[in-house]
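# Structural description and commentary
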Amino acid sequence: LRVVESGGGLVQPGGSLRLSCVGSGFTFSKSHMSWARQVPGKGFEWVSGTYADGHTYYGESMKGRVTISRDNAKNTVYLQMNSLKPEDTAVYYCVIGPPTTTPVPTDYWGRGTQVTVAS
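Let me begin by describing the structure that accompanies this report. Note that the coordinates shown come from a computational prediction; the quantities given were computed from them, not determined experimentally.

Moving on: the sheet that holds strand 3 (residues 17–24). Strand pairs in the sheet, formed through backbone hydrogen bonds, run parallel or antiparallel to each other. Spatially, 4 strands are ordered 1-3-8-7 in an open sheet, and the strand pairing comes out antiparallel. Pairing within the sheet leaves two strands with one partner each, and these edge strands are strand 1 (2–6) and strand 7 (66–71). Recorded for the sheet is a direction-independent mean angle of 15° between the axes of neighbouring strands. In this sheet, strand 8 (residues 76–81) lies alongside strand 3 in antiparallel orientation, the contact comprising 6 bridges. Directly across from Val-22, in strand 8, lies its bridge partner Thr-76.

Structural data, given as C-alpha cells:
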C-alpha cells in the first residue's frame, strides 16, 4: 500500500492550491480516501474524506473552502483548497481509509506535503 502526495507549497492568504494523492498497491476504486493535516504545534485533524460510494466528508476547520474529488481511473484523490488562511499552514496527509474519530498516523498514511500560507 502506498500513497504519495503532491501539490503543496507557499501561497498567499486568499490563494488556492490543489493537492493530489496517487495511490498504488491496493484497489483504489473500492477504497475510502481521506485528507488529514497537522498544524504546527497541534495534533492531527481530519480535513476531508471521500468514500467509495461517492459520499464525502468535510471537517469543520476548512468546510466551505475545500473540495475533495477522486479519479479512480488515475488512482488519484484531489483536495482543492480555496481562500487559504495563515492558520491553514500545515502538513497535509493523504490517508487510505475513512476519517475515524481520532486521526493517528499509520502505515496507511502518506508522508505528507507542506502547505504554507503567508504573504
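Further remarks concern the packing of aromatic side chains. For the coordinates displayed, the defined rule picks out 5 aromatic pairs. Ring geometry for Trp-46 against Trp-109: centres 6.0 Å apart, planes inclined by 45°, an arrangement best described as tilted. In this pair, Trp-46 sits in strand 5 (residues 44–50) while Trp-109 sits in the loop between strand 9 (90–96) and strand 10 (113–117), placing the two residues 63 residues apart along the sequence. Trp-109 shares its class with Trp-46; the two are buried. When the centroid spacing of 5.5 Å and the interplanar angle of 55° are considered together, the rings of Tyr-93 and Trp-109 count as tilted. Of this pair, Tyr-93 sits in strand 9 while Trp-109 sits in the loop between strand 9 and strand 10, and the two are 16 residues apart along the sequence. The exposure class assigned to Tyr-93 is buried, which follows from its relative accessible area of 13%. Judged by its relative accessible area of 10%, Trp-109 falls in the buried class. Every member of this aromatic cluster is reached through a ring pair, and the members are Phe-44, Trp-46, Tyr-93 and Trp-109.

A separate point is the pairing of strand 1. Residues Val-3 and Glu-5 line the buried face of strand 1, whereas the alternating positions Arg-2, Val-4 and Ser-6 sit on a face that is not buried. Where strand 1 lies against strand 3, 5 bridges are found, and the strand directions are antiparallel. Bridging from a neighbouring strand, Val-3 pairs with Gly-23 of strand 3.

Take the side chain of Thr-76 next. Along the polypeptide, Thr-76 turns up in strand 8. From its side chain, Thr-76 meets the backbone oxygen of Lys-74 in a polar contact 2.7 Å long. Residues within four places of Thr-76 in sequence aside, it is in contact with Ser-20, Cys-21, Val-22, Phe-28, Ser-69, Arg-70 and Asp-71.

Structurally, the position occupied by Ser-20 is in strand 3. Since its relative accessible area comes to 14%, Ser-20 is described here as buried. Not counting residues up to four positions away in its chain, the partners in contact with Ser-20 are Val-4, Glu-5, Ser-6, Trp-35, Thr-76, Val-77 and Tyr-78.

With that settled, the discussion passes to the environment of Tyr-108. Mapped onto the secondary structure, Tyr-108 falls in the loop between strand 9 and strand 10. In this structure Tyr-108 comes out as partly exposed when scored by relative accessible area, which is 42%. As a C-alpha pair, Tyr-108 and Leu-1 span 107 residues in sequence and 7.1 Å in three-dimensional space. Sequence-distant contacts of Tyr-108, defined by excluding residues within four places in its chain, comprise Leu-1, Val-3, Cys-94, Val-95 and Ile-96.

Rules and cut-offs
Residues numbered from 1 in each chain as written. Predicted model: local features only at pLDDT ≥ 70, side-chain atom pairs only at ≥ 80, totals over all residues. Heavy atoms only, no water. Pairing = 2+ DSSP bridges. Helix = DSSP H or I, 4+ residues; strand = E, 2+ residues; numbered from the N terminus. Axes fitted to C-alpha atoms, helices over the stretch in contact; angles between N-to-C directions. Phe/Tyr/Trp six-rings, centres within 6.5 Å; stacked < 30°, edge-to-face > 60°. Buried < 20%, exposed > 50% of the residue type's maximum accessible area, 1.4 Å probe, protein only. Polar contact = N/O pair within 3.5 Å; in protein donor to acceptor, adjacent residues only side chain to side chain. Contact = heavy atoms within 4.5 Å.

Read these as geometric descriptors, not functional statements.
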